[in-house]
Amino acid sequence: MTHPNPDRLWLYHHDALEADERAAVEAHLAEGCDACAGTLGRLRDGAGTLALGAPAALPPEPVRARILGRVGLANPLPPAVSSGAAAPRRVTRGPGGWQRVAVAAGLVGIGVLLGWGANRALAPDTRPRPAEASGLAAATTSLAEARAALEAQVARLEAAAGAWQTEPADGLARLAQQRDAALQSTAVAERLARTNADLSAALRSAQDRLRRREEVAVRLTRERDTLSRALTDANEAMALLESPGVEWVVLSPEGASGPGAARFFWAWERGNCMVDAGNLPRIPAEQSFVLWITYESGGPTLVGTFVPEHDGTVRLLAPLPEGEGEVRAVHITVEADPRPTQPGGQTLLAGELF
Amino acid sequence: MARIALRQEAALALLYDRHRAAVYGICARVLGPGPDAEDILEDVFIEVWQRPERYDASRSAPLSYLAVMARSRAIDRIRAKGRRADAHERHRALEPPAEDKDAFDTAVAHEKRQRAWAAMDTLQPNEREVIEFFYWRGLTHAEIAAETGLPLGTVKTRIRRGLLRLREHLMPTPLDPPT
């Protein structure tokens, strides 16, 4: 047995086949093919959908009474909607078929309930007949009440469907706003993080520069103090040398070929003295040079100890020790005792006045 | 529909109240609003009452069953009365569907109507033209050829192609032929 395919059955259903094609399909169905009859029945569902492409229109009210009168209800049930203008159920056209499905599901349930109610009100053994007007009236009242309750349920379902339609949209809008705000906050946070990193780097750089400047300042301060002391000494030396009563003596090595040379200046009216030496030899760190002065009244008396510069030079200003009479001799010795009271070491340079 | 088969008039009243707008809309689409469309509407529901065994719940929904029957009866009526001449004007009067026409409709009918419009939108303009004549005005292939001036073969081809395209969109689930 050769079965026509569903396309052919679809065209057959819509009377769009050629005569011979139509005859073949009809002959096949006449053979009692339940499968093709079933397919044709299912195609009817799609054909019904196509027919529903016609816009809905409300028929005149008497049509309902005529139909129900013909089937035995001499006093027909009141219509579900009493008139076209009486608050019809509004099903607007637009996207969102799921809302329709939700409402449809509700309506199917309502239909079952109403059918149940109708069955109870109009059970076979109590089914109203024209002669039973009072029973029919009671059933009519009961159904009218049931219908009113169900219409209220329909209204609630539609309200719920409307809420489901709007609430997610509102929620999405809120979420979108929160997302935008979060993105903006994230962007601001990223900018702040970058700014913070830049500022931290700048701060570290500034701290480094400040530390270097402080080090330079300390060094300069030390240099300034050194120079200040040197200036003071130089001024003192100049004052001493320019003093009217300044006297001096040349200190020479003890041996003819010994190292070093020095001059010793003093002024009684200023009360100080100065030794200016050069070419002094290097001595061990634990030893020191010591300047002694000898007056007519006795001596030698300690003037001071000193450490030459690296080039072997030294300029030492010191108070003139107390003593009686003229200066007779000046010596520079090398001492192991850092604070000697009498010369004990080697005499390096010496100058005597006769 | 099962309670109608049990001869419960209230079930028929409920069926009518739920689907009268959709069914009458089909009748009015073919015949135009008026007594003829009302007669077909009445005939459809009377036939449901008188021949309930014809409905097979496993194959189609009640609304689809009513819609197919209504269109078929309306086409029969318009052919019987030979009123094709003014069908075009009725067609124009009903297109496009006004938004408030849906006010009395059910959600199920509305859903199906959306699908039907979406399917019609998939047709090529030349296919749509002949489908309108064929499906809603009930014209034969030859009458459409005469109306449009197209060759008969072209009319047949466009109708077949248009109907199959509509089926493809209305019933995307394959209906495998029996083996």
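Computed from a prediction, not measured in an experiment: that's the story for all the values here.

Conventions used here
- Residues numbered from 1 in each chain as written.
- Chains lettered and ligands numbered in written order.
- Predicted model: local features only at pLDDT ≥ 70, side-chain atom pairs only at ≥ 80, totals over all residues.
- Core = buried A, V, L, I, M, F, W, Y, C linked by C-beta atoms within 7 Å.
- Buried ≥ 20, exposed ≤ 12 C-beta atoms within 10 Å, placed from the backbone.
- Helix = DSSP H or I, 4+ residues; strand = E, 2+ residues; numbered from the N terminus.
- Contact = placed C-beta atoms within 7 Å.
- Pairing = 2+ DSSP bridges.
- Axes fitted to C-alpha atoms, helices over the stretch in contact; angles between N-to-C directions.
- Parallel < 35°, antiparallel > 145°, perpendicular 65-115°, else oblique.
- Left-handed = near helix turned anticlockwise from the far one by under 90°.
- pLDDT = per-residue confidence, 0-100.

### Focus: the nonpolar core
Membership of the largest hydrophobic core comes to 75 residues, with the highest contact counts inside it found for Val23(B), Cys27(B), Ala67(B) and Ala70(B). The leading source of residues in this core is helix H2 (residues 9–31) of chain B, at 16 residues. Residue contacts for Ala67(B): discarding those within four places in its chain leaves Gly48(A), Ala51(A), Leu52(A), Ala22(B), Val23(B) and Ile26(B). Within the second largest apolar cluster, 23 residues are counted, among which are Trp266(A), Ala267(A), Leu291(A) and Val327(A).

### Notes on the sheet that holds strand S4 (residues 288–295) of chain A
Residues and elements named next belong to chain A. Taken in spatial order, the 8 strands of this open sheet run S5-S4-S7-S8-S1-S2-S3-S6, and their pairing is antiparallel. Whereas interior strands pair on both sides, the edge strands pair on one side only; in this sheet they are strand S5 (298–306) and strand S6 (314–319). Across this sheet, the average inter-strand angle for adjacent strands is 20°, counted without regard to direction. Summarising the sheet, S4 and strand S7 (residues 327–335) pair through 8 bridges and their orientation is antiparallel. Its bridge partner being in S7, Phe289 is matched across the sheet by Val334.

### A word on the packing of helix H3 (residues 35–50) of chain B against helix H4 (residues 62–81) of chain B
Residue and element names in this part refer to chain B. The interhelical angle for the contact between H3 and H4, taken along N-to-C directions, is 135°, at an axis separation of 9 Å. For the element pair H3 / H4, the angle class is oblique. Both H3 and H4 take part in a crossing whose hand is right-handed. Contacts from Asp36, Ile40, Asp43, Val44 and Glu47 of H3 reach H4 at Leu66, Met69, Ala70, Arg73, Ala74 and Arg77.

### As for the confidence of the model for chain A
Residue and element names in this part refer to chain A. Counting all residues, the mean pLDDT for chain A is 79, and 77% of those residues have values of 70 or more. Averaged pLDDT values over the elements of chain A bottom out at 44 in helix H5 (residues 97–121) and peak at 94 in S4. Throughout residues 81–132 the model reports pLDDT below 50, and contacts reaching past four residues in sequence, or to other chains, amount to 71 contacts.

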